[in-house]
Amino acid sequence: MYRLQSAVTTRAATLGGWAWGYGRRGAHYRARLPPLGPGWVGGLGLGLGLALGVKLAGGLRGAAPAPSPTAPDPEVSPQVESPPPKEQPLAPWSLQTQTPPTTRHYARAIDSSRDLLHRIKDEVGAPGIVVGVSVDGKEIWSEGLGYADVENRVPCKPETVMRIASISKSLTMVALAKLWEAGKLDLDIPVQHYVPEFPEKEYEGEKVSVTTRLLISHLSGIRHYEKDMKKVKEEKAYKALKMMKEIESDQEKELKEKGGKINERNDFAKAKIEQDNEAKGRNSKPVKKKNDFEQGELYLKEKFENSIESLRLFKNDPLFFKPGSQFLYSTFGYTLLAAIVERASGYKYLDYMQKIFHDLDMLTTVQEENEPVIYNRARFYVYNKKRRLVNTPYVDNSYKWAGGGFLSTVGDLLKFGNAMLYGYQVGLFKNSNENLLPGYLKPETMVMIWTPVPNTEMSWDKEGKYAMAWGVVEKKQTYGSCRKQRHYASHTGGAVGASSVLLILPEELDAESLYNKVPPRGIVVSIICNMQSVGLNSTALKIALEFDKDRSETP
């Protein structure tokens, strides 16, 4: 009986059942083809007989018919062992990925970092977020969480393209540095030498000079999106006073710890200063200033043909501060730098940047334009006043390509970060390895770029200073067996419907490392997100330190 059932079952599966034959017969007749011969009828009879035989054989064995995929049979006994299902490929939106051998050493860091990103994503309500991490120049982990396109349920993935916002400034710095290395650009002469369309400036009746170096480090005095000089100055004065009080408080604590005593005269003088400062603080408390996302210029829809044309937005506005005296973050300053790149190089800014992207192998990094079809481009989101997720309005970023107008992926940003890290370190390794290729930028250029500039601020980490298109935190440790501040460089970005960060944590090299290893040595982290106003620098630093911990434990 078993042999009969097996034969019948096999035969029925081979023929495919009567329904297939009926469908073919109907199609034959509908096509008005000649009548089918008697052999076809015999085949139909055989098919019916075989199907009936299978049913009867199953009944004799007491076995239930195979359940439908859409309607599981509740009568199937759980004790019956079924053959193990074939391993199905993961859905594209699945968070699970096969772990290559090179990443197994970092499994703990990946799990910890993924959990951290989930927490940040949930905390801010971001639709999607993408992360990439490289260790010593090799990409170890990249992953997308959530959605690149909520409406069409398109998941984020490593190839997702998003706005990188102000990380564009760091890219522009490479163009300026290449021109400087080639002797085509002087960083310290007035910008009118290259762009005479930008008028000469005065501050409080005194003629002043704006240079390329000052523009790079946001010390030029050129405004940002806020046009009200009074509000900006009040805010700066209030922050300075607040910082002064914090410094005085720290100094007082330090004196107490050392057991120092202040005489009565100093006490009286200090009390007088505090009273004056409090009075100034009451008078100088700033009027509430709009944030960047409340400024109209951030939502410009006008198309600008080139950087020179973009200058008309701000070139006739007064300087807010004397050049070199105070830090005032300015994306418009980088619009002027784009014009300088054009005049010094002889190429259009975007053409010159595309050449750099080609050299750096950043093949998915492009200027943001609405018309071109850009594969894997995400949509960008914001929450409205009712806390509902909505699409951001259309914007045209042609007026600020250099300061915040590029699109990219985490993979391209990792390549960029590693190219910078290689150039920074290769000079240290040259004596031990003569076969090393030169960096895209010279070591002395990278040292200059990553050297903090006086009178600057790093808004995303108060421990650091702004350098040349990068924020830099220097190595520092005040007390033994206490917090150790690592040296790193980073830049964050905030655009309409997008946030980003690129962070580079160089390895702390010793003499032995220089002879046994090759650059780049360190961790690079890039994170992009399709939601605005998401602070990502501290998250990137935590992730970098997690990978650095696993890296130090790797044999």
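Details of the structure are given in the entry above.
Residues numbered from 1 in each chain as written. Predicted model: local features only at pLDDT ≥ 70, side-chain atom pairs only at ≥ 80, totals over all residues. Heavy atoms only, no water.

Colleague: Break down the overall build of the protein chain for me, citing the residues and quoting the values.
Modeller: Counting secondary structure elements, the protein chain contains 16 helices and 15 strands. Expressed as a percentage of the 555 residues in the protein chain, the buried residues total 44%. Long-range pairs, those at least 24 residues apart, make up 72% of the contacts in the protein chain with a sequence separation of at least 6. A total of about 31100 Å² of accessible surface is found on the protein chain, and carbon and sulfur atoms cover 54% of it. (Helix = DSSP H or I, 4+ residues; strand = E, 2+ residues; numbered from the N terminus. Buried < 20%, exposed > 50% of the residue type's maximum accessible area, 1.4 Å probe, protein only. Contact = heavy atoms within 4.5 Å. Areas by Shrake-Rupley, 256 points an atom, 1.4 Å probe, with all protein chains shown as cover.)

Colleague: Quick one: what's the story with the sheet that holds strand β13 (residues 488-495), residue by residue and with numbers?
Modeller: Read across the sheet, eight strands follow the order β3-β2-β1-β15-β14-β13-β12-β11 without closing on themselves; strand pairing throughout is antiparallel. Bordering the open sheet on either side are β3 (154-155) and β11 (465-466), each of which pairs with just one other strand. Two elements, β11 and strand β12 (residues 471-473), share two bridges in a ladder whose sense is antiparallel. Across the sheet, residue Y466 finds its bridge partner in β12, namely G471. Relative to the sheet, helix α13 (residues 410-429) contacts β1 (128-135), β2 (138-149), β14 (498-506) and β15 (522-529), its axis offset from that of β15 by approximately 150°. (Pairing = 2+ DSSP bridges. Axes fitted to C-alpha atoms, helices over the stretch in contact; angles between N-to-C directions.)

Colleague: I'd like to hear about α13, residue by residue, with values.
Modeller: Its 20 residues give α13 an end-to-end C-alpha distance of 28 Å, which sits within 8% of 28 Å, the value for a rise of 1.5 Å per residue. When the local axis directions of α13 are compared, the greatest deviation, roughly 30°, occurs at G423. Taken across its 20 residues, α13 has 16 buried, putting it largely inside the fold. (Expected span 1.5 Å × (residues − 1). Bend = angle between axes of the 7 residues up to and from the residue.)

Colleague: If you had to explain the pattern of salt bridges to someone new, which residues and values would you point to?
Modeller: A complete count under the given rule lists 30 salt bridges for this structure. One salt bridge in this structure joins K355 and D359, with 3.3 Å as the shortest N-O distance. Of the two residues, K355 and D359 are both situated in helix α11 (residues 349-359); the distance of four residues between them amounts to about one turn of the helix. Residue classification places K355 among the partly exposed positions, given a relative accessible area of 48%. Here R486 ties to D548 by a salt bridge, and the two come within 2.9 Å at their closest N and O atoms. Placement of the pair is R486 in the loop between β12 and β13 and D548 in helix α16 (residues 537-553), with a sequence separation of 62 residues. Residue classification places R486 among the buried residues on the basis of a relative accessible area of 15%. What emerges from the salt-bridge pattern is a single network uniting D136, K475, K484, R486, E507, E508, K517, R521, D548 and R551. (Salt bridge = Lys/Arg side-chain N within 4 Å of Asp/Glu carboxyl O.)

Colleague: Outline the nonpolar core, listing residues and values.
Modeller: Of all hydrophobic cores here, the largest spans 123 residues; its most connected members are L336, M420, W470, I527 and F547. For F547, the residues in contact, after removing those within four places along its chain, are Y106, A109, I110, S113, V133, V135, I140, W141 and I523. (Core = buried A, V, L, I, M, F, W, Y, C linked by side-chain atoms within 4.5 Å.)

Colleague: Account for empty space enclosed by the protein, naming residues and giving values.
Modeller: Applying the stated criterion across every chain yields a total of two cavities of 30 Å³ or more. Its boundaries defined by the atoms lining it, the largest cavity holds a volume of some 40 Å³. Lining the largest cavity we find S307, S310, Y334, T335, A338, S398, Y399, K400, W401, A402 and G403. Elements with a minimum of two residues in the lining of the largest cavity: α9 (307-310), α10 (331-345) and α12 (401-404). Broken down by class, the residue content of the lining of the largest cavity amounts to five nonpolar, five polar and one charged. (1 Å grid on protein atoms, 1.4 Å probe; cavity = no way out; pocket = protein on both sides within 12 Å on 5 of 7 lines; lining within 4 Å. Points joined across faces, edges and corners; volume = space filled by probe spheres on them. Nonpolar A, V, L, I, M, F, W, Y, C, P; charged D, E, K, R; others polar.)

Colleague: Give a description of the sheet that holds strand β10 (residues 406-408) that names residues and reports values.
Modeller: Reading across from one edge, β4-β10-β7 is the order of the three strands in this open sheet, with antiparallel pairing throughout. The open sheet has two free edges, formed respectively by β4 (162-163) and β7 (366-367), since each of these has just one partner strand. For β7 and β10, the ladder comprises two bridges, and the chain directions are antiparallel. Within β10, the residue paired with V366 across the bridge is L407.

Colleague: Got a sec to walk through the packing of helix α5 (residues 167-181) against α11? Specific residues and values, please.
Modeller: Two quantities define a packed helix pair, namely the angle between the helix axes and the distance between the axes. Where α5 meets α11, the closest approach of the two axes is 10 Å, and the angle between their N-to-C directions is 90°. When the interaxial angle is binned, α5 and α11 end up roughly perpendicular. Residues L171, T172, V174, A175, K178 and L179 of α5 touch α11, and the partners they reach there are Y349, Y352, M353, I356 and F357. (Parallel < 35°, antiparallel > 145°, perpendicular 65-115°, else oblique.)

Colleague: Describe the packing of α5 against α13, with residues and values.
Modeller: The geometry of α5 relative to α13 is characterised by a closest axis approach of 12 Å and an angle of 45° between their N-to-C directions. Compared by their axis directions, α5 and α13 come out oblique. Between α5 and α13 the crossing geometry is left-handed. Together, I167, S170, L171 and V174 of α5 and L413, F416 and M420 of α13 make up the contact between the two elements. Of the residues that constitute the contact of α5 with α13, the class distribution is six nonpolar, one polar and no charged. (Left-handed = near helix turned anticlockwise from the far one by under 90°.)

Colleague: Please set out α11 residue by residue, giving values where relevant.
Modeller: Buried within α11 are the following residues: Y349, L350, Y352, M353, I356 and F357. The arc that holds every buried residue of α11, seen down its axis, measures 160°, which confines them to one face. Of the surrounding secondary structure, the elements contacted by the buried residues of α11 are α5, α9, α10, β7, α12 and β10. Directly after α11, the chain includes D361, whose backbone phi takes a positive value near 65°. (Arc of directions from axis to C-beta.)

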